[in-house]
Amino acid sequence: MEPGGVSVSAVLPAGGSGERLGGATPKQFCAVQGRPLVSYAVRAMERISWISDIIVVVSPENIETMKTIIEKYGHKRVTVVEGGITRHRSIFNGLKVFAEKEFSSYLLQKPEVVIVHDAVRPFVEEDILSKVVMAAKEHGAAGAIRPLVSTVIASAADGCLDHSLERARYRASEMPQAFLFDIIYEAYQQCTDYDLDYGTECLHLALKYCKINAKLVEGTADLWKVTYKRDLYAAESIIKDNLSQEVCVITDANETVAQVGFLLPESLKSQIKVEAVSISQSRNDSHLQSIFSGQCYNFVCVNDKKCAIQETQQLVHMLEKSDIPLLYPVVLISVYLDISGNNSFSIGMEELTSIKKFARETKKKNILVYGLLIQYK
C-alpha cells in the first residue's frame with residue numbers, strides 16, 4: 001500500500017556498540033547468511049520505491065565499513081552520516097542532513113514524513129511502513145506497537161517486589177516510527193541534553209515538546225530487534241526459511257508449454273508460494289523485473305526448445321543486469337518439454353559440454369543451474 005502524495009525518507013540509527021551481543025563486532029555489522037545485518041534493514045527500505053532517501057547513521061570508526069557495505073551490495077539512495085554518542089544524538093544528526101547548511105555537501109530534499117527504524121530490525125515489511133507513514137501524515141507522529149510478553153514489575157529499595165503493571169493495559173513500543181519531519185525536527189531542537197543523552201523514545205519527544213499524541217499502530221511479530229547472539233541465529237533461520245518458500249515458474253507463449261506451466265504451479269501451491277509468469281523473456285517483461293526486485297531465489301523455466309539453455313542464459317543475464325545483488329544461491333531449473341511423442345531424445349557431446357561449462361561459470365556467480373527433461377503427451 002503506497003502512501004500517495006507524501007514525500008518520505010528514512011533514518012536508520014546504526015551506531016550501537018552491541019555490548020549485549022558480546023564480542024568485538026557491533027551487532028549491526030555481524031554477518032547473517034554471510035551478509036551484514038545492517039544491509040538487510042537498508043534493503044528493506046531500498047526496495048520500497050516511495051522512500052526517497054535512506055540515511056544510515058553510524059559511529060565515526062564505522063563510516064568506512066558502512067560505505068564498503070553499500071558498495072559491495074549495490075545499495076542505492078543511501079547516505080552515511082556520522083552518529084553521536086547516544087541514540088537520540090545519532091537520530092538528530094540523521095535529520096540534520098535534510099535541514100542544516102553544515103551538511104550542504106550532501107543536503108537532501110526535506111521529506112514531508114520521515115521514518116525512523118532500527119538498523120538491527122531486518123524484517124520490516126512495506127505494509128507496516130505504509131501504515132505508520134499514513135498515520136503520521138494524519139496525526140503528526142505514529143509508531144508500531146506489540147503486546148507485552150512479560151509482566152513488568154517494580155522493585156523496592158530492599159530488592160523486594162513493590163508492584164506490578166497490568167499487562168493488558170500496556171504495549172511494547174517498537175519500530176518503525178514515522179513523523180511529520182517538521183515536528184520531530186522541532187522536538188530535537190528543543191529537547192534538553194538530558195533527553196539527548198538518556199532518552200530512547202522518539203514518540204515521547206514529539207509528545208513532550210510538540211504536544212503531539214502519536215497514533216499507535218499494531219505491528220507484526222517480525223518487528224523484533226536483534227539484541228543477543230541467539231537473535232542472530234533466529235534471523236538466519238528466518239532468512240533460510242524465506243528462501244525456500246517461493247518459486248517463480250516461467251513459461252513461454254506456446255499453448256502446450258503454457259498448459260504445463262499452469263499445472264506445475266497448481267501442484268506446487270500446497271508446498272510453497274508460487275509466482276507463475278507466462279511470457280517471452282526476450283520482451284524484458286516488467287512483471288518479471290518486479291519479481292526480481294522481490295528477491296525470489298528459485299526459478300523454473302519451462303519451454304519446448306531443444307536448446308533450452310539459451311532461455312536460462314537469458315534469465316541469468318537479466319538477473320545480473322537487475323539491481324538485485326545475488327546474495328544467496330539462486331536456483332534455476334531449466335525444463336525442456338519434449339512433446340514430439342517419439343520417446344527419443346539425444347543431445348550432442350558438444351552441446352552437453354557447453355551446458356556443463358555454463359553451469360560451472362554461473363556457480364561462481366552464486367547461481368546454481370540444473371536441467372530437466374520431461375517427455376509429455
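Residues numbered from 1 in each chain as written. Predicted model: local features only at pLDDT ≥ 70, side-chain atom pairs only at ≥ 80, totals over all residues. Heavy atoms only, no water.

For the protein, the name recorded in an unreviewed UniProt entry is D-ribitol-5-phosphate cytidylyltransferase, with Tachuris rubrigastra as its organism. If you open the UniProt record of the protein and go to Subunit (unreviewed entry), you find "Homodimer." As recorded by UniProt, the Subcellular location (unreviewed entry) comment attached to the protein reads in full: "Cytoplasm, Cytosol". (UniProt positions renumbered as here; feature names shortened; annotations may be inferred.)

Got a minute to help me understand helix α4 (residues 126-139) in this structure?
An α-helix turns once every 3.6 residues. As a result, residues three or four positions apart point the same way. In this model, α4 (14 residues) spans 20 Å end to end at C-alpha, consistent with the 20 Å of a helix rising 1.5 Å per residue. I128, L129, S130, V132, V133, A135 and A136 are the residues of α4 that are buried. One or two steps after α4, the chain reaches G140, where phi turns positive at roughly 100°. (Helix = DSSP H or I, 4+ residues; strand = E, 2+ residues; numbered from the N terminus. Expected span 1.5 Å × (residues − 1). Buried < 20%, exposed > 50% of the residue type's maximum accessible area, 1.4 Å probe, protein only.)

Could you clarify how one ought to interpret the packing of helix α3 (residues 87-96) against helix α5 (residues 181-190) in this entry?
Packed helix pairs are specified by the crossing angle of their axes together with the interaxial distance, meaning the distance between the axes. It is the contact of α3 with α5, at a shortest axis distance of 10 Å, that shows an interaxial angle of 130°. Between α3 and α5, the angle is such that the two are oblique. In this structure, α3 crosses over α5, and the sense of that crossing is left-handed. Contacts between α3 and α5 involve H88, I91, F92, L95 and K96 from the first element and F181, I184, Y185, Y188 and Q189 from the second. (Axes fitted to C-alpha atoms, helices over the stretch in contact; angles between N-to-C directions. Parallel < 35°, antiparallel > 145°, perpendicular 65-115°, else oblique. Left-handed = near helix turned anticlockwise from the far one by under 90°. Contact = heavy atoms within 4.5 Å.)

How do you make sense of the sheet that holds strand β11 (residues 215-218) when you look at a structure like this?
Whenever strands of a sheet pair, they do so through backbone hydrogen bonds, lying parallel or antiparallel. Ordered in space as β5-β4-β1-β6-β10-β7-β11, the seven strands form an open sheet in which the pairing is mixed. With one partner strand each, in any of the chains shown, β5 (78-82) and β11 form the two edges of the open sheet. Within the sheet, the average angular offset between the axes of one strand and its neighbour, ignoring direction, is 25°. Across four bridges, strand β7 (residues 141-147) lies against β11 in parallel orientation. By the bridge assignment, I145 is partnered in β11 with E218. Against the sheet, α5 contacts β6 (113-116) and β10 (171-180), and its axis sits at roughly 110° relative to β10. Where helix α7 (residues 202-210) meets the sheet, it contacts β6, β7, β10 and β11, and its direction lies at approximately 60° from that of β10. (Pairing = 2+ DSSP bridges.)

What am I meant to see in the nonpolar core here?
Side chains of nonpolar character tend, in soluble globular proteins, to be buried together. Formed by 39 residues in total, the largest nonpolar core has its most connected members in V38, M45, I51, V56, M66 and I115. Counting only elements with at least two residues in this core, the list comes to β1 (8-13), α1 (37-46), β4 (51-58), α2 (63-72), β5, β6, α4 and β7. Residue contributions to this core peak at six residues, all from α4. Leave out the neighbours within four places in its chain, and I51 touches V8, S9, A10, M45, R77 and I115. Ranked by size, the runner-up nonpolar core spans 30 residues in total, among them I55, F181, I184 and Y209. (Core = buried A, V, L, I, M, F, W, Y, C linked by side-chain atoms within 4.5 Å.)

Explain unusual backbone geometry here, please?
Phi is mostly negative for residues that are not glycine, and the peptide bonds are mostly trans. Here the residue pair M175 and P176 is connected by a cis peptide bond, since its omega of 10° sits within 30 degrees of zero. Within the secondary structure layout, P176 lies in strand β10. Despite not being glycine, R77 shows a phi value in the positive range, around 60°. Summarising the element assignment, R77 is placed in the loop between α2 and β5. Its identity as a non-glycine residue notwithstanding, K211 has a phi of 55°, on the positive side. One can find K211 in the loop between α7 and β11.

Explanation requested: the packing of helix α11 (residues 309-321) against helix α12 (residues 349-364) in the structure shown.
Where α11 meets α12, the closest approach of the two axes is 11 Å, and the angle between their N-to-C directions is 20°. Regarding the angle of α11 to α12, the classification is roughly parallel. For the pair α11 and α12, the crossing hand works out as left-handed. Listed contacts from α12 to I309, T312, Q313 and V316 of α11 are I355, F358 and T362. The class makeup of the residues in the contact of α11 with α12 is four nonpolar, three polar and no charged. (Nonpolar A, V, L, I, M, F, W, Y, C, P; charged D, E, K, R; others polar.)

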